[in-house]
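Residue-level listing of the chains:
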Amino acid sequence: MIDGATLDGVAATTLWTLRNRAVEAANPKSSFSDPLAVRLFDEIDYDYAKFGRPSQSHPLRAQTLDRALRTHLTENPGAPVVSLGEGLQTTFWRLGEPETTWLSVDLPAVVALRERLLPPSRITHVASSALDRSWMSAVPEGKPVFISAEGLLMYFDPADALDLIADCAIRFPGGRLFFDSIPSWLRDRSLKGLHLSRRYTAPPMPFSLSVTQARRLPARIPGVVASEELQIAPGHGLWSSKLLKELSNHPPLRDHRPSITLLTFASP
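First, a word on what this report is: a plain description of the structure on this page. The residue numbering used here restarts from 1 in each chain and proceeds along that chain's sequence as written. A pLDDT threshold of at least 70 governs which residues receive local features in this predicted model, and a stricter bar of 80 or more applies before side-chain atom pairs are shown or counted, although totals over entire chains, interfaces and linings include all residues. Note: side-chain values were computed over all heavy atoms of the structure, leaving out hydrogens and water.

### Examining the overall build of the protein chain
For clarity, the threshold we go by: In DSSP terms, a helix is any run of H or I states spanning at least four residues, a strand is any run of E spanning at least two, and both are numbered starting from the N terminus. It is over C-alpha atoms that the radius of gyration is taken, and the globule rule equals 2.2 Å times the number of residues to the power 0.38. Residues are treated as being in contact if the distance between any of their heavy atoms lies within 4.5 Å. With residues, only the protein chains shown are counted as cover, and all accessible areas are computed by Shrake-Rupley using a 1.4 Å probe. The charge count includes Lys and Arg as positive and Asp and Glu as negative, but it does not include His or the ends of the chains. Here the site of a charge means atom NZ of a Lys, CZ of an Arg, CG of an Asp or CD of a Glu.
Scanning the protein chain from N- to C-terminus turns up ten helices and eleven strands. Computed over the C-alpha atoms, the radius of gyration of the protein chain is 18 Å, within 12% of the 18 Å expected from 2.2 N^0.38 for a compact globule of 268 residues. For the protein chain, the C-alpha atoms occupy an extent of roughly 50 × 45 × 35 Å along the three principal directions. Considering only intrachain contacts with a sequence separation of at least 6, the fraction spanning at least 24 residues in the protein chain is 74%. Of the accessible surface of the protein chain, which amounts to about 12500 Å², a share of 55% is contributed by carbon and sulfur atoms. Averaging the locations of the 29 positively and 28 negatively charged side chains of the protein chain gives two centres separated by 7 Å.

Written out as structure tokens, the structure is:
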């Protein structure tokens, strides 16, 4: 067994999302498949119970990313993929180990855990913060890059998050950026202390973006030409309710729920 307590702060949230994906993948009612996440969950010794009750939010977000990435790679075979703050995500294996350059960027402690636990692959690891732009020089040119910032930007200062988006738009013309956002009320709650249980408080999440604000990014950030809200993959139980989905997409409720955005950058 590997001790997961080597991760703390924001880095430890990778164990939170791993637990939720593994539990969902093991649920016979679920269509979500992630056998590698189940294996990692079993191999890491950690007090997962402190994260509170499991949620479908993370596995459904992962499925939404899979769908967007498959579409991009179908339209652009061999296009490079950059996963910022990848944690213990297993997207590469869920997609069948695509023949492309795959760059995984995360903090040194997380990269060390990935390299120890994950199967050998063509993934190139970069042990640094996503805010350290040095990873950009490792991305091959010639094809439109797909950048994933799954469960990442909300932990950044708002100016840092928007500057990163702007720099990606300038550096990677024709590319796409996938990220998820939290609403302002959840941001404010996290800054006061978001308790998932009596034993765990989530790290502060200073950056929020509503659906309406995300739609306005093309007018706000040079090089961003399109902003599309991606509908989260369907789950089971309440997560499969068409009525709740319709209500959550109706103004003004739409701007008070988490969302997933796919940005497209201007072509060269």
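### Considering the sheet that holds strand β4 (residues 102-106)
The condition that has to hold: Pairing between strands requires that DSSP locate at least two bridges from one strand to the other. Each axis is a line fitted through C-alpha atoms, taken for helices only over the stretch in contact, and angles between the N-to-C directions span 0 to 180 degrees.
Pairing in this open sheet of seven strands is mixed, and the strands run β5-β4-β3-β6-β7-β11-β10 from one edge to the other. Bordering the open sheet on either side are β5 (123-127) and β10 (224-229), each of which pairs with just one other strand. Pairs of neighbouring strands in the sheet enclose a mean axial angle of 20°, with direction left out of account. The sheet strands contacting helix α5 (residues 108-117) are β4 and β5, and the helix crosses β5 at an angle near 150°.

### Notes on the packing of aromatic side chains
Filter applied, for reference: Pairing of aromatic rings covers Phe, Tyr and Trp, the last counted by its six-membered ring, and requires centre-to-centre distances within 6.5 Å; plane angles under 30 degrees mean stacked, over 60 mean edge-to-face, and any other angle means tilted. Note on classification: 1.4 Å probe, protein chains only; a residue is buried when its accessible area is under 20% of the maximum for its type, exposed when over 50%, partly exposed between these limits.
Counting across every chain of the model gives eight aromatic pairs. When the centroid spacing of 5.8 Å and the interplanar angle of 20° are considered together, the rings of W135 and F172 count as stacked. Taken as a pair, W135 in the loop between β5 and β6 (146-149) and F172 in the loop between α6 (158-171) and β7 (176-181) lie far apart in primary sequence, 37 residues in all. Like F172, W135 is buried. Aromatic rings pair up to connect W16, F41, Y46, Y48, F51 and Y200 into one cluster.

### Points about the pattern of salt bridges
Going by this rule: Throughout this description, the term salt bridge denotes a Lys or Arg side-chain nitrogen within 4 Å of a carboxyl oxygen of Asp or Glu.
Enumeration over the complete set of coordinates arrives at 13 salt bridges. Residue E229 pairs with R257 through a salt bridge whose shortest N-O separation is 2.8 Å. Remark: R257 occurs in the loop between α10 (242-248) and β11 (259-265) and E229 occurs in strand β10; sequence separation between them is 28 residues. When sorted by exposure, E229 lands in the same class as R257, which is buried. Each of R21, D34, D66 and R94 takes part in a single network of salt bridges with overlapping partners.

### What to know about the nonpolar core
Condition: Side-chain atoms within 4.5 Å are what join buried Ala, Val, Leu, Ile, Met, Phe, Trp, Tyr and Cys residues into a set we call a nonpolar core.
Ranked by internal contacts, the top residues of the largest apolar core, which has 43 residues, are L15, L18, I44 and F178. Mapped onto this core, the elements with two or more residues apiece are α1 (13-25), α2 (35-43), α3 (57-75), α4 (91-94), α5, β9 (200-202) and β11.

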